[in-house]
Structures are given as C-alpha cells and as structure tokens.
Amino acid sequence: MKPRKREGYEGTGPGAITPDGCAVELYARLPVGDEPDVIAAAVPAGARVLELGSGVGRVTHALLERGFTVTAVDESAEMLERVRGARTVRAPIEELRLDETFDVVLLASFLVHAGDPEVRRGLLRTCVRHLAEGGCVLIQREGEDHHTDVPRERVDPAGFTVRIVSAEPVGDGVHAVHAEYAFPDAVWTQTFRSRPLTRERFEEALEEEGLRVDRYLTQDGMWVRAVAATAGD
Ligand SMILES: C[S@@+](CC[C@H](N)C(=O)[O-])C[C@H]1O[C@@H](n2cnc3c(N)ncnc32)[C@H](O)[C@@H]1O
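The following paragraphs examine the structure supplied in this document. On a predicted model such as this, the values are computed, not experimentally measured, just so you know.

Parameters and conventions
- Residues numbered from 1 in each chain as written.
- Predicted model: local features only at pLDDT ≥ 70, side-chain atom pairs only at ≥ 80, totals over all residues.
- Helix = DSSP H or I, 4+ residues; strand = E, 2+ residues; numbered from the N terminus.
- Buried ≥ 20, exposed ≤ 12 C-beta atoms within 10 Å, placed from the backbone.
- Contact = placed C-beta atoms within 7 Å.
- Axes fitted to C-alpha atoms, helices over the stretch in contact; angles between N-to-C directions.
- Parallel < 35°, antiparallel > 145°, perpendicular 65-115°, else oblique.
- Left-handed = near helix turned anticlockwise from the far one by under 90°.
- Nonpolar A, V, L, I, M, F, W, Y, C, P; charged D, E, K, R; others polar.
- Core = buried A, V, L, I, M, F, W, Y, C linked by C-beta atoms within 7 Å.
- Arc of directions from axis to C-beta.

Turning to the overall build of the chain, a few remarks are in order. If you tally the helices and strands in the chain, you get 6 helices and 12 strands. With the principal axes as the frame, the chain shows a C-alpha extent of 50 × 40 × 35 Å. A total of 233 residues make up the chain; the buried ones form 36% of that total. Residue pairs in contact within the chain that sit at least 24 positions apart in sequence constitute 52% of those at least 6 positions apart.

Here you go:
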C-alpha cells in the first residue's frame, strides 16, 4: 500500500515520488556532506542509532562505515529499498513504536520544522519514546536565513544545482518552500511546508515534549544535541 501524500507537499521528477515530494532516483544521487562527522563527534563510538527519515541511506551508509549500528526508518518503501547494511523499518515516524530504545535518535533533514505542530510533536514524541537512558537526540534545524535569503542557489561539485526558489507564507507562521535540484539530465522539484522556528521557539518545542538542548554542535546552530529534560538533574 502506498503511503498518502502529505498535505502541502508536492514533487515532480523521474520515478517514484515520496509523500513529502522527494524524487527517489535523484535523491539517490546526492552525495553525503559533513553530517556523519558532526554526528560521530557528538556520540559514543559504536552507538546504536535510530535514524528517522533515512531516505536512501545517504547518511546511514556513512554511519555504518564508521562502526555505528543503524536502524533506518522511512515511510517510503522506494527509499528504503536502497538502504544497505542497516535494519529498515517502514513507518510514518509519528506512528513508530519499536519495542526498544537507542543510544542516539537522529532527526535530521529539518523535519522538526514540520508545518503542522501536531506532526512536529509526534516526531519529537517518537524521539523521546525510543531514547535509552543516558542517550541523546541529534536534530538538524534550519539556519537563520533559510526563509529570507531567497531565491538562492548552490552549484554542487557533484554536478547539480540546488535552488531554493521561493518561501511564501501560507498562514499560521508556515511557509510553502519551493526547491529545485537540477541535474544535467533531469530535474526534481519539491514544494514543502516549513515552519521557521527561532532558537527560543525551537527550544520551547523540545521542552514541550520533555527534551532539553544539551548543546549546539555547529557554529550556525543547525545541529543540536538534546537529552531528556530530566537527564543530569
Ligand atoms: C529530504 S529526505 C532526507 C533523507 C535523509 N535524512 C538524508 O539526509 O539523506 C526526507 C526523507 O524523510 C522521509 N520522511 C519525511 N517525513 C517523514 C515522516 N513523517 N515519517 C516517515 N518518513 C518521513 C521521506 O520519505 C524522505 O525519505
């Protein structure tokens, strides 16, 4: 059964399109960046990682190479088919109920900016539900100018151009963001909903679900290590 398209999310491009508008075939061509280094520096060696919204395994594979054990979760079967060497679980993150906990729960790719606050709460509750005692949640959030420095584009050395074409308000503090990934032979376009969160608002959202920021991992504030609010008290 195909998962339902998420409201406000659209994608065009060759092959399968995920409910949040990703073109799987083109997503599979994206190289990994510094994400595995940021993650590896923030968690114990060999940790058990629950990766939420893993996609094709772009980050998963690099984490496996570094000796982590990864359970990769995604609602797209077509994405998960491309993950190698990790346990995969197909589910909406909000509904995930594995009967186990993990040293590290990873919520990357700006998913915490979900337009619908109920979805965001569901994502964070899943993080908390699967967090082992003494463990941490690593979250990737948007940079300060994500919605204001628009349009912008970046030419990737791997041979494609990423454009953030527009970010338009659609009410209730949410933006419809339109992005394009242009490869020489194909284009993927994605429209998605994103709720800008100031640092303060982001921290409040975590607190609402029983998490607190332990520390910001990168200068730009985009990678965050969070722990259970009760940890270390
Ligand atoms: C932009 S891709 C990022 C993939 C991966 N994190 C990476 O950095 O390469 C987002 C992925 O998250 C999945 N996804 C988004 N929201 C989800 C949700 N609520 N539940 C399960 N999967 C979700 C999509 O299917 C897609 O594969």
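Resuming the write-up.
Before going further, it helps to spend a moment on the packing of helix 2 (residues 35-42) against helix 3 (residues 58-65). Packing of helix 2 against helix 3 brings their axes to within 9 Å, and their N-to-C directions diverge by 50°. Overall, the two elements helix 2 and helix 3 adopt an arrangement that is oblique. Crossing angle aside, the handedness with which helix 2 passes helix 3 is right-handed. Judged by residue contacts, Glu35, Pro36 and Ile39 of helix 2 engage Val59, Ala62 and Leu63 from helix 3. By residue class, the composition of the contact of helix 2 with helix 3 is 5 nonpolar, no polar and 1 charged.

Quick look at the nonpolar core now. Counting residues in each nonpolar core, the largest one holds 51 residues, and the members touching the most others are Val49, Val104, Val105, Leu106, Leu107, Val137 and Leu138. Setting aside its immediate chain neighbours within four residues, valine 105 contacts Leu50, Leu52, Cys127, His130, Leu131 and Val137.

What follows concerns helix 6 (residues 199-208). Within helix 6, the full set of buried residues consists of Phe202, Ala205 and Leu206. End-on view of helix 6: buried residues confined to an arc of 100°, all on one side of the axis. For helix 6, the exposed residues set more than 90 degrees away from the buried face come down to Glu200, Arg201 and Glu204. Contacts made by the buried residues of helix 6 are with helix 5 (117-129), strand 11 (211-216) and strand 12 (223-228). Within two residues after helix 6, glycine 210 carries a phi angle of roughly 85°, on the positive side.

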